[in-house]
Amino acid sequence: MNRYLCIHGHFYQPPRENPWLEEVEFQDSAYPYHDWNERITAECYAPNSASRILDSENRIIDIVSNYARISFNFGPTLLSWLERHAPDVYQAILEADRESQKWFSGHGSALAQAYNHLIMPLANRRDKRTQVIWGIKDFEHRFRRKPEGMWLPETAVDLETLDLLAENGIKFTLLAPSQARRYRPLGSPHWQEVVGGGINPKKPYLCRLPSGRSIAVFFYDGSISHDVAFGPLLSNGETFAQRLLSAFAPSSPERQFVQIATDGETFGHHHRFGEMALAYCLYYIESRELAKITIYGEFLEKFPPADEVEINENTSWSCAHGVERWRKNCGCNIGSNPKWNQEWRSPLREAMDWLRDKIAPIYEKEMALYFADPWQVRDDYIEMVLNRSIPNVERFLSERARRDLSREDKVKILGLLEMQRYTLLMYTSCGWFFDEISGLEPVQVMMYAARAMQIAAAVGKMDLESEYLRILERAQSNLHTLKNGAGVYQAMVKPAVVNLMRVGVHYAILSLFEEYPASIEVYSHTVTSEIYERYEAGIQRLAIGRVRIRSEITWAEKILCFAVLHLGDHNVMGGVHEYRTEEAFAEMQRQIKEAFLKSNLTEMIFLLDKHFETHNYSLWHLFKDDQRKVINQILNVTLKEIEASFRQVYSHHYPMMQVINEMRMPQPKALAIIMEFVLNSEFKELLDTEEVDLKELQRLIEEIKRWGVELDRPMLGYVISKRINARMEKLAQAPENVFLMEKIQKALTILSVLSLDLDLWKAQNICFSIGKLLYEEMREKADQNDQLAKKWIDLFVGVEKYLRVKME
């Protein structure tokens, strides 16, 4: 076989984390926060990364083995998010790499990535070095091996970057064909210029570096990669396979290596069901032995470069002007509005560069008090980022510090290291990629900058924000209401800034609506209650307390005292300040409590102002996700009252509505709206019960069909999907439970008539796993006339049918 094929998927799209909370906030979601982790995984990452792929022949293919057959890289921040919120997906990715080593001569499918997706040629050497080291160490921590290749963000490249890769043991990288300048056979004096990206992508090249080092470079097939990303190839797996195979010269006896690279999200997110096409494409090629599937590491070991190449420096795969997209108005954009421009990119880049260069001396000066080489400590800091446990942090600091460290020293050092981490994160490439400075991505990188400045102000006693904003004033927004980058910062970044006081406010207000244990994690902080009392009088509630708040990232902590008052509905007020003395706290507690028990609202408001001065807070100061949760809780009482009234009207006028329906007359609009509301509510309420009454479910569906009621399809689709996935998870714990499987099969049969758009990737995974585990065993027992096994087979086939899964 002289035909070799490799497909590479680059997974990025980092979750948008609040840098103060180290967590994602979804304030605009139509779904409850606690369901968002599952939903975003299902929509964005799990179709590409979980343990299933459904191909065009309706056959499940295990993605652990499927992903073990392609090359891939995941951004470290994405892997970190998946590890916390979708551990099954995360483990499947790691397992895919382990599995691939069995298939590809000990080489793994996974590639490392420069840490946080900044444009490497635009970074200084020190930052490039840290990006490479962090990317490698993160990879080693997760995949338990050294990486052979590294993906460069946007394939942006210069010689210094390649040299740092080679210096740190990276053997190869991937570039676009347009990034090749010229090439020649090894040992030949004659160079061949590359015109229009016309380099042969079917073999690796050796790139010699000024330091004397060298690195292998693969140039992916630009035409096919483009068609995969932007064309219709992923609408059919066989068509995809044929397009790849067409790149091979049919009668050539020479070894040929066809390889493509595209965003991993192309397979299933950008192109729905693209993961099916990928699975069937690989199956089609392998089963017919049309090419040998390989990965870069294996191919490079077997067939080292016979040619060398020189690259076009300061180029990338996503900007026709090199790397200008990330620092100038070069003309590259996504076409949001033809009247917009991207002149804001230059001032935003300038502001970040200015901030980096102002922060560096602060870091050097302060860290030099404790360490011989502050920048080496930064390079090593990834060890703490990956493991923030107290023993690991203590070990890290004690091994490197010149002297014994006090608690205050440790807090300061951790803050300085975090400051540097955010000066790296603020260069994340998507901040410049899109069209408008008030977009999600530029705001995100400004948040990272704000966090770095906040720490610099605390440690270095320097106000960097004023000058930073003066530079941003030159970054003109395309939206006149925001004016410029400074306006965007004040409107969208400043309100998101969090300190220990803000965490205390959040805890205090939320404690009015939830019962808290003595110690609780609030995002990346630990809140320990030292004193807490709550009083109720009718709909009014008062909470008074003292808490210790500690950042689990920097170890900074404060003791705060608070008093918060809920007057009913959304009316919340309160105060928080640093704890002073036991006498002052006791007096505040006594006075406000007495006023509350007397229902003297005027006195309570006066006392809040007296004791907390300007530190007054309301529901608006909750973090976004919990704002939604509390508002829903407050509204719940009102909604139940409305629902009860609607049910009463529905029951009272049901006979009349029956008559109208039998006479084939349209229902009065008011009654039709009430009927729709009540039946949808009953449906959701039934699905929310621990054990769904299947007879009642059947009756309700018949009632809905009878009246021709318009279903709340998005809501019911979501609720039903969640319910089915949950039942299948329960079945996974006891896969031989025929009674449970029968209930699942009956429910799926009943619900199938609704033709809802269900998100059942998790249920499909479980079904396939159960089939792999038990199907053959049960079939053998059924063949021996085991009645229970026969029933299991019949039910499992029914579940397969409705989940659209078929075992081979």
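Residues numbered from 1 in each chain as written. Predicted model: local features only at pLDDT ≥ 70, side-chain atom pairs only at ≥ 80, totals over all residues. Heavy atoms only, no water.

Trainee: Please explain the packing of helix 3 (residues 76-85) against helix 5 (residues 125-143) as it appears in this structure.
Mentor: What describes two packed helices is the angle between their axes and the distance between those same axes. Their axes nearest at 10 Å, the elements helix 3 and helix 5 cross at an angle of 30 degrees. In this structure, helix 3 crosses over helix 5, and the sense of that crossing is left-handed. Between helix 3, through Pro-76, Leu-79, Ser-80 and Glu-83, and helix 5, the contact on the second element is made entirely by Asp-138, Arg-142 and Phe-143. Tallied by class, the residues present in the contact of helix 3 with helix 5 amount to three nonpolar, one polar and three charged. (Axes fitted to C-alpha atoms, helices over the stretch in contact; angles between N-to-C directions. Helix = DSSP H or I, 4+ residues; strand = E, 2+ residues; numbered from the N terminus. Left-handed = near helix turned anticlockwise from the far one by under 90°. Contact = heavy atoms within 4.5 Å. Nonpolar A, V, L, I, M, F, W, Y, C, P; charged D, E, K, R; others polar.)

Trainee: Would you mind showing me how to read the sheet that holds strand 22 (residues 616-617) here?
Mentor: Strands pair in a sheet through their backbones, by hydrogen bonds, and they do so in one of two ways: parallel or antiparallel. With antiparallel pairing, six strands are arranged side by side in an open sheet as 17-18-19-20-21-22. Among the strands making up the open sheet, the edge pair consists of strand 17 (519-522) and strand 22. Pairing geometry for strand 20 (residues 557-566) and strand 21 (residues 572-578), over seven bridges, is antiparallel. Each residue of the ladder has a partner; that of Leu-565, found in strand 21, is Met-573. Against the sheet, helix 20 (residues 500-510) makes contact with strand 17, strand 18 (525-537), strand 19 (540-551), strand 20, strand 21 and strand 22, and its axis sits at roughly 40 degrees relative to strand 20, the strand it touches most. Helix 22 (residues 601-612) contacts strand 20, strand 21 and strand 22 of the sheet and is inclined by roughly 25 degrees relative to strand 21. (Pairing = 2+ DSSP bridges.)

Trainee: I keep staring at unusual backbone geometry and nothing clicks. Help me out?
Mentor: Leaving glycine out, the prevailing phi sign among residues is negative, and the prevailing peptide bond configuration is trans. A positive phi angle is found at Ser-599, which is not glycine, with a value near 60 degrees. Locating Ser-599 in the fold gives a position in the loop between helix 21 (582-597) and helix 22. For Arg-804, which is not glycine, the phi torsion reads 60 degrees and is therefore positive. Mapped onto the elements, Arg-804 comes out in the segment after helix 30 (787-803). You can call Arg-804 partly exposed: its relative accessible area is 48%. (Buried < 20%, exposed > 50% of the residue type's maximum accessible area, 1.4 Å probe, protein only.)

Trainee: Would you take a moment to explain the pattern of salt bridges for this structure?
Mentor: Where charged atoms from two side chains of opposite charge come close, those side chains can pair. The full count for this structure, using the stated rule, is 69 salt bridges. Between Asp-138 and Arg-142 there is a salt bridge, and its shortest N-O distance comes to 2.8 Å. Remark: Arg-142 and Asp-138 occur in helix 5; sequence separation between them is four residues, near one turn of the helix. Like Asp-138, the residue Arg-142 is buried in the burial classification. Here Arg-421 makes a salt bridge to Glu-418, at a shortest N to O gap of 2.8 Å. Of the two residues, Arg-421 and Glu-418 are both situated in helix 15 (residues 407-425); the distance of three residues between them amounts to about one turn of the helix. One continuous salt-bridge network, built from bridges that share partners, spans Arg-125, Lys-128, Arg-129, Asp-158, Glu-160, Glu-167 and Asp-379. (Salt bridge = Lys/Arg side-chain N within 4 Å of Asp/Glu carboxyl O.)

Trainee: Just to check I follow, could you spell out helix 7 (residues 222-230) for this structure?
Mentor: Within an α-helix, residues lying three or four positions from one another point in the same direction, as the helix has 3.6 residues per turn. Of the residues making up helix 7, those classed as buried are Ile-224, Ser-225, Val-228 and Ala-229. Buried residues along helix 7 cover an arc of 130 degrees about the axis, so they all sit on one side. Those residues of helix 7 hidden inside the fold are in contact with helix 8 (237-245) and strand 14 (256-263). Where helix 7 begins, one side-chain oxygen reaches toward the backbone nitrogen of Ser-223, 3.2 Å away; that side chain belongs to Asp-221. (Arc of directions from axis to C-beta. Polar contact = N/O pair within 3.5 Å; in protein donor to acceptor, adjacent residues only side chain to side chain.)

Trainee: Where do I start with the pairing of strand 19 in this structure?
Mentor: Looking along a regular strand, one sees the side chains alternate between the two faces of the sheet. The element strand 19 is largely enclosed, with a buried count of 11 among its 12 residues. In the sheet, strand 18 pairs with strand 19 via 12 bridges, with the strands oriented antiparallel. Across the sheet, residue Tyr-535 finds its bridge partner in strand 19, namely Leu-542. Hairpin geometry of strand 18 and strand 19 is characterised by an intervening segment of two residues between the two adjacent antiparallel strands and by a positive phi of about 65 degrees at Gly-538.

Trainee: How should I be thinking about empty space enclosed by the protein in this particular structure?
Mentor: Gaps left between atoms are located by rolling a probe of water-molecule size over the structure's atoms. Counted by the stated rule, this structure contains six cavities of 30 Å³ or more. Considered as a void within the structure, the largest cavity measures approximately 190 Å³ in volume. As for the largest cavity, its lining consists of 13 residues, and the residues nearest its centre are Val-692, Arg-723, Arg-727, Lys-743 and Ala-747. Of all the secondary-structure elements, those providing two or more residues to the lining of the largest cavity are helix 26 (694-707), helix 27 (713-733) and helix 28 (738-751). Top element by residues in the lining of the largest cavity is helix 28. It accounts for five residues. Within the lining of the largest cavity, the residues separate by chemical class into nine nonpolar, no polar and four charged. (1 Å grid on protein atoms, 1.4 Å probe; cavity = no way out; pocket = protein on both sides within 12 Å on 5 of 7 lines; lining within 4 Å. Points joined across faces, edges and corners; volume = space filled by probe spheres on them.)

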